[in-house]
Structures are given as C-alpha cells and as structure tokens.
Amino acid sequence: MAPNVQLRSCATETNEEKANGEVDPFLVNKSPCSLDEHLKKVNCKRNPSCVFGLGENSSEGVLQVDKIAKRLYESVLQGRKTEEIPFAGLRNLGATCYANVVLQLLFFLRPFREAILNADTYLLLRNNLSKSDTESSYVTESRTHQLERSIVELQLLFATLLKGHTSCVSPKKFLEALDLTTFVEQDIQEFVNLLLSLVEKYFQNSTTKRYDTLISDLFQGTRRYVTTCHYCGQISEASKTGSRFTELQVAAYQVGGIEDALSSMVMEEILSGDNQYFCEFCNGKRDASRKIVFDKLPPVLMLQLLRTSFDLTSGEKKKTHAKISFPLEADFHQLLGVDTANEAKTYRLKAVCFHRGSSAYCGHYTIRLLDDSSNKWYEFDDAQVKMSNSLDGPFVANPRETASNNERRKRAKLAPETCTNPSTLSSTNACLLVYVLNDPLYCFGDLEKSNLPDVLQDTVDSENADLNSAFESEKSSVDSKIAEMERRKSEYLDLLPKLPATMSNSETSDSVSYGYVPTNWLKEWVRVREESIKPMDCSPFICEHGGLNPESVFHVKRIGLEAFNWMIEKYGSNSPQLKGPQCHCMICVNKMNDTIANAEFWKKKNDEFISYLIDPMDILEKDATTFYVEKQFFKQWKKLSLTCKQGVEFMRKLEKLLKECAHSRYCVHEKLVAEEWKAINADVGKHLYDLLQFISRISPICVDYFIFCEADSNLRFCDDCREKLVERKEEISSYRQSKRLEKASLGELLKPRYQLELVRYLVQQMKNWQELSSSSDAWNSSESRYLISLSWFQSWSDYINNDGKRPDTSPLEDLVCEHNMLSYDLVTADDIFDRRVLCVSADCWQEIVKAYGSYEGVKVELSQVDGNCKGIFSLPSCHSCMKKRKSLEDKNEIELVLIKVNDLEEIKDKKNLSLDSLELYSTCIKSEMMTSRRSRVLRIRCSPSNSISELKLIIFQFLDIAPAAQELYLGKEMNLVQSSVSLKDYNISDGTLLFLYIDKSKLDHSEEEFCALPEESKVEVGFVGSQLLGL
C-alpha cells in the first residue's frame, strides 16, 4: 500500500537525514517540550515526544478545575436569589417582555403590592389549592369568577416574587388567566392602563371595599382644559369639568428635556382668526386663550415618551432615537403650576423603561428600578436581574449614527448630562419614566417590610421546600463531581514530572525508558469529564509484525516509562504494550523506505514528460505503436503530474484516483467507445502503462480500463456505438440550434413577467391616450395584443433557460374554456389584476403560432368610446366557467386588491369600469410592489370566512389605519357597512377589487400617534379577545 499523508513529511525528513547519513523514522531524537511552552499553544503534532498542549489548560482541562468548580456552583445557585440580588426575574414566554416590565414595576410599588397580597381572595385560593390537578385551572363562565381568578394568580405571582427562593418566576398562569397571546408583542402603556383598570374593577366589586380607591389614589390625577374669552373674561362651562389621567405623554421626537416639554404643556394657546372660540356668554365667536390646568397630580406619576411617529410619505410608523434628558428629582407641582398650599412636594425617579430596537413594530422592553431600602438601581431584563449604579446603566445609541467605539461606549451609559448638573440623566431609548412622590407611604422596593397572609405563606413555603430539596440534591451531585475532578488534578500534578520521556545517548534496544500512548487517549486523560476513561488501545497503530508502525508515529505520544506503567496499571490496556526501542518495527521501516524510493523514482520518470503534458504537439511523432488512454483519467493524471511535487504525494493520489475510476469502459457489444479514448505518444504511453502495472502489484486494478496498446491488445472500438454517438451529438446540436432560433424569434418573452402583465399594458396605453388627448394630435391605436397564460409562459421559460421540457400545452391554457370563451372577466376590474393573465405583441403571437401550432388567439384592441379609452377583447367571457374556476381554487386564503382613494368620486362602478380609471393603478405596475405600504394599490390576504370587521383589523395591522376610519366599497353604490357579514356573503372571492376610503375626521389628531385608535376604542388590536377587555 502507498504511505498515507503522514509519510509525506516523514519522507522529506528521511531524505534530509539520508543526506547527512542519519535515519530516524520514529523521530526518537525529537526532544520533549516543557509545560510552560504550551500553556497558550497547542501540542506539537509532529513531535511524538511533546506531551503538553493536549487540552490540560482548556475549559475542560485538569489545570482549570478551580474555574470549572466555580462555574458548577454558579449554575447551581443560578436558580436561587442571592444576598446581592434579592429580587427575582420573570420568564419570557415568547413576546411577553412588555408584561414582565409592568409586573415588576407594580410589584416594586409597596402600596400596590400590599393591596394585592391582602386582597380578599383567600377563600378562593384555599379552594383552588385543594382541588385536583384536572381542576386546578379554575375556569367558569362567570365573568366575576374569571376576574377573581386573575387576581388570585397575580397574588400567587407577587407572593413568589416576594418570599420565594427562586431567581426566576414564570408568569404563565397569570397571563393565561388574562387570555393573552404570548407570542404577540404589545404596547407597554396600553397594558399597564388595562391592568390597572382590571384591578380597580375587582377592588370596587369587593365586599369589604378596603382598596376601592387605591388605583385612583396612587395613579390618577385630574386636569382641565380652561378656555377664557378675551372679550367678556368668562371661563367656559366645560372648563369647570375635569378629566382623569394616569400618564402624561411627552413628545420625544427631538433632542430636549422633559422639563421643557411639561412647561410647554401648560402654556396658553391663543385662539384667533379662523380658530376663534364660540363664547357661550357672548353668543358669538371671540378671541380666547386656552390652557391645561392640573388640579391634582398622582403620587405615582408616569411620563410616556412618544418615540413613534407616522410617516405620511412612506405610510409607516417610525421610531426616533432623540436623546431626552430627565432629572432624578423634580418638583412637578411647581413645573405644572399645581397649588400645593406651600408644601414642598418633590418627585424622585424610581423607574425607567427602555424599548430596545430600531423598529417601531418590534423590539424588546427592559426596566430599571430603584430599591429604597438599599438605594440601589436594579436592571430587569426578563429572567436576568443585575445590580447597576444609577449613573452606569445601559442605553442604546441611535443605530443610524456612526461613531467610534469610545463615543458609543459613552452613549451607552446612563451618565450625567453635564458635570454641573449630575442629577440629570439622558437616554435615546427610554419610553416610560415613573416618578414617585417623596413620601414614606409610597415606598419603592423595600421587600423586607412586607409580609404574606398565612395561606400565601404556606403556598410559598411549600414551593421553597421543593426548591431547597432539589437544590441540595443538585449541590450534592456537584460536590461529588468536583471531588472527582480534584482527584484527577492531583493525579496529573503528581505524574507531571514523569510524563516527558528521557532519552539517553547510550540507550540500546534492550533498555526501556519510555512507552507509547495513543494521542487521543491522552487528550481524554488530561480533561475532566463525567465519562470514565476507557482502557488504552494501541491496536490501530500496531503493524502486522506486532511492532509500532512507522506510518503511525504522529498518532502516538512517547512518555516516561514510570508514567506509562502507572497508566497501564490504573486504566488497563486492550492491546499489546509498546515500550522502548524494541517495539519499533524495522521491517515496516525498510518497506516504507522502499515505498518512498519507488515513489520518488516514478515521480522522477514522470517529470520527464512534463513538456509533453504542457504542449503535446512538441514531441508528438507518428509511431507504429499507438497507445490509447481513457480521456478523463488522462486529464486527472496530467493535473497530478503538474501539481504534485513529492513522489509520495503523487503516488498516493494516483492510487486513490485509480480506485475511484476502476470501472469497465466496455459497451453492450463488449467493445470500446472511441470517443472516450485518446491516442497518445508511444513513449508517454509506455511510461504510463509501466506505471500502472507497478501500481497494480500493490492495489488490484485493471490496467486495460485506463490504457492499452493497439498492437498488443485484442480490444477494438465499437462502430455501432460510434454511429449512435454521432447521431446523438447531431440531435443535441439540432436541439440547441432550434432553441437558439426560438429564443431569437420570441425575444419578447425573455422580459420579466411583470412587464407582460395585462394591467401594465392597459396602464401604458391609457397614459399614451391621455397625452395625445391633451394635444391636438388625433389618437389612433393600431397596436393590438394577444393574451397568453402564465402556466405556458413559465413552462417556456424553464425550457429556454433551464433545459426543461418543451411546452406541449396551448399558450391559451386556462384562459379559454371548452366553450371557446374567456375564463376570466376582463371587462370589469376584478380579473384585470390577476397575475395569470399576460399579453404579447401581435408579431410575438405570430411567432408562437409558427412554433407551437395554429391557435385562435384572444386579441386585445383599444378604442375610444364617449371620450374614454376602452379595451375590447375578441372573445366574450364565460360566466359559468368563471364560477367553476373560482369554486375549484383554494378557499382557505384569498387575495384581495385594495385601492386607496382620497375622494369618494374616485370610486368607480366596476360593471362599467372604463380604462381611464386605471390611472389609480399606475403605482402598482410591478408585481413586486403589490405588497408595499407605499402603493395606492395593495394586495391583502385573508380568509373568505372573515367578517368585514376582521378585514378592517387586517388592514389596520398592515396600514396602521384605525378601523373606525376605514370605509370599504365594492363599487360606487356598494358600501360594506355591515361589519358582522362575512366576505363570502358579499360574494367576495379571490382577486376581488375593493376601494378603501379613509375618513380623516375619525382619526385622532391629538398628542397620540397618527395611527392610534380613536377615542371610542382606546384598545390595541392585540388585546381583543383577552380578559383585559372581556371582564
């Protein structure tokens, strides 16, 4: 056998040593390396005496036992609270980071936490805990019970957060009680308002009425819009009525501070000119001033930073990353002009919520909370909780900005805005600020002073007992693992000085001072793993003579005899032991040397024909003796001859090539195919024949499969196969020529598909007609088009571009029915947008007819009727086949064409839709733009069973247009006003055209976003169906 890849280097070293008169096939003279050399360097693979750098200093190595033990203990303690982090995180169940942030915020507020924990639900809780597992999910049809179940789950959640030992709590049961979808991200401000409303409703319905005013006392303030007439000086009656609020919205679209934003909120607005106020006392329009007056601020003041805005150009919401500064302490009563009877009432920042991500549609919420008992800030990122300095918190800079690493690192810190005002912070991603009144009644955090009712305490104690039991069991397992690691480390350190093999110059074949160990086994030994170490096995490296194979010298390591004996005694051996120089197999050494010498000899002879391989005509002469070589083999042999520099490498790759290509070249007539063979020079052929004959003595190959001499061989070429091959080549040439001709004649079909769509052609012709109509030139449309089907077009494209099958169907497949009529209603607008209807020019259609047979085409002509440009088709529409076609289509999902119109006059009657109406469609010529929010024409996918109200919700999710502001029309006289009626009942099917008119008067233009819902429905679509709206 030819030597493997390791012999290539061995051969090189052997040749160099032969030049010096020395031979060392087992590399005995290689000196061992020291441990210090390999602390940060891998093992010397080409030195059998190097026994370090095998992984002892890796993450699983014996020298890293202390770090491994630390990681194991940290993994055990990871699920438990610590003295440094006494708070628990909340597990993210998919996209519930918004809920986790709100729950942590409300839990930290001590008055709210105490009210929830002491709510009158202990009877229900006790009953639930005594039920079986099948009844544990307490669900009834009564909304009162469902509401109480939600509060009970919130009680249990808060109790576990307060007294539980686990560092991560799952809010799954509480979210399930609210029927929330865990994989849909929601708005944090909407969720906190709905959750507070839910809790307030429960407290108000409670029999004891202990906390019926808790929510209003903590979170609600009052404000009035005061309008003063400049003529009579009277204040309007509406100004005397106040309204409640739970948060103040602050615009964060530009760089600035919240103090300036709040100050501008209470500034007077002058109503004059066209914006005059109708004074009820003067009974006429008068100049007036209007301002917001705050009568009361809540103890817990939430400031919502509005970072999303609606871009009217793109039709999408966008998030801004403006840096907003905010103080750690502020007197909002003075800032907003609230009378506090000369009492100093300041607010302190207790919570900052962040929305990470550059998109307004998705991202991740985190929150940082201040614990009053320790006066430390803690960052809550779902299950992860860590302590951070108030001046060292995480912030994300604007991703669109480019800055150096130092600048980004500075912006990533919650740092003082200026050195002169260290109490002012700034952020580019803060979305909610919570300020709490400086009063002991409104403590934040301070968990040590909170206690649980007995029932809740018993429940938490039971959970803690189970957790402690699992913790002790896991800790015991970790202790045993670490003890075993320490033992392995001790063994390694004791054996470390004895591992390197010491070689003496006077060592003879009778003396033994070292042994050979498999490298892979030694790598397992220096690593501390749970798997037990298997006995040593050197059998793969022992030759047929019972000694060490010199070809395997790089797969073993030479270690000291004392260390070798200890390993054999400790772990055993499944093969003969390799000790000392007497295990070296000199028979294999001589055989290897002969193989190397033969390889170099044949490589040298092979190099004599390099010039012929580079340019065969240089030495090619007519010779009586002709050799034939298989073409593919000759090509690979030529490549090896030109690339391989070493003889061993050349012979090894050539032998591998012969094994891979060792298959018969005979045809069915037991002869050779002439086209697969190549005639070569006699000298080259004789050399190649002798080379293969030499290799055949080592590997069983058939030389005649690769080369033969015409004079000495009985092999003959097959004339029959040659004729068939020639015919096949002619067929392929003819096939390719016909494709080239067809490709040239039907070049119009090589255009992108969207350029062939019928709607594009109609739009272009309509524009041409409008341009000519505005000028004095008369319009005469002499251009006509012919329809083709999309399925035939795709088959033809596959045939031309991908060597597919030539289309054998009609170009009008699925377009013309069995009644020789159109299967599509191309007179109205519904089927004009169908992407399966394409059209080509008259010249292209004639070429299609010539190539694929005579077909009666469907001609499209344009004419001017009553001042409008209309399309006329040569075949009428078959309404029975159209219904049959639509009934066979997939009804699980349909695609509707939605056109946004700015005026009701733009809505056309589809039954009399003229071509000039296609001006509405000019923005959707390309099919790729049909799903863009920027287009006036959009494709919406939905189900036929969807109701009109559900369709409006789908449009809302896609376009961010409130459902109440949407007006849908099937035609000029068909307004879809019955929201509960399904699309199927309206006979709306796949490809139906709908008009969408946006009633801007129903859009809310207040401080909220343009895409927000109107006042009568202040709920995000994502909460529809949950208990937050159903209770």
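Provided above is the structure to which this section pertains.
Just so it is clear, the model here is predicted, and its values are computed rather than measured.

Caption draft 1: Here's a closer look at the overall build of the protein chain. Of the regular secondary structure elements, the protein chain holds 27 helices and 35 strands. Looking at the protein chain residue by residue over its 1031 residues, the buried ones come to 48%.

Caption draft 2: Expanded view of helix α23 (residues 790–801). Relative to the 16 Å expected for 12 residues at 1.5 Å per residue, α23 spans 16 Å between its end C-alpha atoms, a close match to the ideal helical length. Within α23 the residues assigned to the buried category are L790, W792, F793, W796, S797, Y799 and I800. Of the surrounding elements, those touching the buried residues of α23 are α21 (719–745), β27 (785–789), β28 (837–841) and α24 (842–852). Phi turns positive, to about 55°, at D803, one or two residues after α23.

Caption draft 3: The arrangement of the packing of helix α16 (residues 586–607) against helix α19 (residues 647–660) in detail. One way to put it is that α16 packs onto α19 with a least axis distance of 8 Å and a crossing angle of 85°. Taken together, the axis directions place α16 and α19 in an arrangement best described as roughly perpendicular. Across from I596, A599, E600, W602, K603 and N606 in α16, the residues of α19 making contact are G647, V648, F650 and M651. Its residues assigned to classes, the contact of α16 with α19 shows 6 nonpolar, 2 polar and 2 charged.

Caption draft 4: Inspection of the pattern of salt bridges at higher detail. A full pass over the atoms with the stated rule returns 22 salt bridges. Residue E379 is joined to K386 by a salt bridge in which the shortest nitrogen-to-oxygen separation is 3.9 Å. Under the relative-accessibility criterion, E379 is labelled buried at 6%. Here E562 and K498 are joined by a salt bridge, their closest N and O atoms 2.9 Å apart. Taken together, the residues span a long stretch of sequence, with E562 in helix α15 (residues 561–571) and K498 in the loop between α13 (454–495) and β22 (514–518) at a distance of 64 residues. Note on K498: relative accessible area 34%, which makes it partly exposed.

Caption draft 5: Looking closely at the nonpolar core. Residues F112, F219, I258, F294, F332 and L433 are the most contacted members of the largest nonpolar core, which totals 101 residues. Leave out the neighbours within four places in its chain, and F332 touches I258, L262, L297, L301, L303, Y347 and Y435. F26, Y516, I542 and V556 belong to the second largest nonpolar core, which has 38 residues in total.

Caption draft 6: A look at the sheet that holds strand β3 (residues 221–229). The 4 strands lie next to each other as β4-β3-β10-β7, forming an open sheet whose pairing is antiparallel. Each end of this open sheet is capped by a strand with a single partner; those strands are β4 (243–245) and β7 (269–271). Neighbour to neighbour, the strand axes of the sheet diverge by 35° on average, direction disregarded.

Caption draft 7: Up close: the packing of aromatic side chains. For the structure on display, the rule yields 25 aromatic pairs. Judged by centre distance (5.7 Å) and plane angle (85°), the ring pair of Y514 and Y516 falls under edge-to-face. Just as Y514 is buried, Y516 falls in that class too. A ring pair is formed by W566 and Y571, whose centres lie 6.1 Å apart and whose planes are at 80°; its orientation type is edge-to-face. Looking at W566, the relative accessible area reads 28%, which means it is partly exposed. An aromatic cluster of at least three residues, connected via ring pairs, comprises F87, F107, F108, F112, F158, F219, Y378, F380 and F444. The side chain of R113 reaches across the aromatic face of F107, ending 5.3 Å from its centre.

Caption draft 8: Looking closely at the environment of D808. Checked against the element boundaries, D808 lands in the loop between α23 and β28. The exposure class assigned to D808 is exposed, which follows from its relative accessible area of 60%.

Caption draft 9: Expanded view of the pairing of β22. The element β22 is largely enclosed, with a buried count of 5 among its 5 residues. Along β22, one buried face is formed by Y514, Y516 and P518 and the opposite face, lined by G515 and V517, is buried too. Direction of pairing for β22 relative to strand β23 (residues 556–560): antiparallel, over a ladder of 5 bridges. Along β23, the bridge assignment pairs G515 with I559.

Caption draft 10: Local environment of unusual backbone geometry. A positive phi angle, close to 55°, is found at N375, a residue other than glycine. Judged by its relative accessible area of 47%, N375 falls in the partly exposed class. We note that N820 has phi near 60°; this positive angle belongs to a residue other than glycine. Along the polypeptide, N820 turns up in the loop between α23 and β28.

Caption draft 11: Quick look at the sheet that holds strand β24 (residues 627–630). Pairing in this open sheet of 3 strands is antiparallel, and the strands run β25-β24-β26 from one edge to the other. The sheet terminates laterally at β25 (677–680) and β26 (707–709), the two strands that pair on one side only. The mean inter-strand angle of the sheet, taken between neighbouring strand axes irrespective of direction, is 25°. Of the pairings in the sheet, the one linking β24 to β26 comprises 3 bridges and is antiparallel in character. Its bridge partner lying in β26, Y628 is registered against F708. Against the sheet, helix α18 (residues 631–643) touches β24 and β25, its axis set at about 85° to β24. Sheet strands touched by helix α20 (residues 682–698): β24, β25 and β26. Its angle to β24, the strand with the most contacts, is close to 60°.

Caption draft 12: Focus on the packing of α13 against α15. Put simply, α13 and α15 touch, their axes get as near as 11 Å, and they point 155° apart. By the angle between their axes, α13 is roughly antiparallel relative to α15. Crossing hand, α13 versus α15: right-handed. On α15, the residues touching R487, E491 and L495 of α13 are A563, W566, M567, K570 and Y571. Of the residues belonging to the contact of α13 with α15, the class tally is 5 nonpolar, no polar and 3 charged.

Caption draft 13: Spotlight on the side chain of R80. Structurally, R80 is set in the loop between α2 (65–77) and β1 (89–90). Here R80 is buried and forms no salt bridge, its nearest opposite-charge partner E472 lying at an N-O distance of 6.7 Å. At 2.8 Å, the side chain of R80 forms a polar contact with the side chain of N468. Discounting residues that sit within four places of it in the chain, R80 has contacts with H165, T166, S167, L467, N468 and F471.

Caption draft 14: Geometry of α20. When the terminal C-alpha atoms of α20 are compared, their 25 Å separation across 17 residues agrees well with the 24 Å that a helix rising 1.5 Å per residue should span. For α20, the complete set of buried residues consists of A682, V684, G685, H687, L688, L691, L692, F694 and I695.

Caption draft 15: Geometry of the environment of L790. Structurally, L790 is set in helix α23. Its relative accessible area of 10% is what places L790 among the buried residues. Residues L790 and E757 lie 33 residues apart in sequence; the distance between their C-alpha atoms is 9.2 Å.

Caption draft 16: View of the state of the cysteines. Summed over the entire model, instances satisfying the criterion amount to 0 disulfides. Unpaired in terms of disulfides, C44 finds its nearest cysteine sulfur in C33, a separation of 3.8 Å. Under the relative-accessibility criterion, C44 is labelled partly exposed at 25%. C585 supplies the cysteine sulfur nearest to C588, a cysteine that is in no disulfide, at a spacing of 3.4 Å. A relative accessible area of 11% means that C588 is categorised as buried.

Basis of the calculations
In every chain, residue numbers begin from 1 and rise along the written sequence. Residue-level local features of this predicted model are given only where pLDDT is at least 70; pairs of side-chain atoms are given and counted only at 80 or more, and the full residue set underlies all totals for whole chains, interfaces and linings. Note that the side-chain values use all heavy atoms of the structure and ignore hydrogens as well as water. The secondary structure listing takes helices from DSSP runs of H or I that are at least 4 residues long and strands from runs of E that are at least 2 residues long, numbered from the N terminus. Partly exposed residues are those whose accessible area sits between 20% and 50% of the maximum for their type, while under 20% is buried and over 50% is exposed, using a 1.4 Å probe and protein chains only. Expected helix span is given by 1.5 Å per residue-to-residue step, counting one fewer step than there are residues. Working rule for contacts: check all heavy atoms of both residues, and any pair within 4.5 Å makes them a contact. For helices, the axis comes from a line fit to the C-alpha atoms of the stretch in contact; other axes are also lines fit to C-alpha atoms, and the angle between any two N-to-C directions lies between 0 and 180 degrees. Any angle that is under 35 degrees is reported as roughly parallel, and any over 145 degrees as roughly antiparallel; angles of 65 to 115 degrees are reported as roughly perpendicular and all others as oblique. Residues were grouped as follows: Ala, Val, Leu, Ile, Met, Phe, Trp, Tyr, Cys and Pro as nonpolar; Asp, Glu, Lys and Arg as charged; and all remaining residues, including Gly, as polar. A pairing counts as a salt bridge when a side-chain nitrogen of Lys or Arg comes within 4 Å of a carboxyl oxygen of Asp or Glu. As used here, the term nonpolar core means buried Ala, Val, Leu, Ile, Met, Phe, Trp, Tyr and Cys residues forming a set that is joined through side-chain atoms within 4.5 Å. In this description, strands pair whenever DSSP reports at least two bridges between them. When the centres of two rings from Phe, Tyr and Trp lie within 6.5 Å, Trp using its six-membered ring, the rings pair. Their planes under 30 degrees apart give stacked, over 60 give edge-to-face, and anything left gives tilted. Charge-over-ring placement is defined geometrically: NZ (Lys) or CZ (Arg) within 6 Å of the ring centre, and within 35 degrees of the ring normal. For a crossing to be left-handed, the near helix must be turned anticlockwise from the far one by less than a right angle; the clockwise case is right-handed. We count Lys and Arg on the positive side and Asp and Glu on the negative side, and we leave His and both chain ends out. Think of a polar contact as two N or O atoms within 3.5 Å of one another; within protein, one of them needs to be a possible hydrogen donor and the other a possible acceptor, and neighboring residues in sequence only count if both atoms come from side chains. Disulfide: a pair of cysteine sulfur atoms within 2.5 Å of each other.

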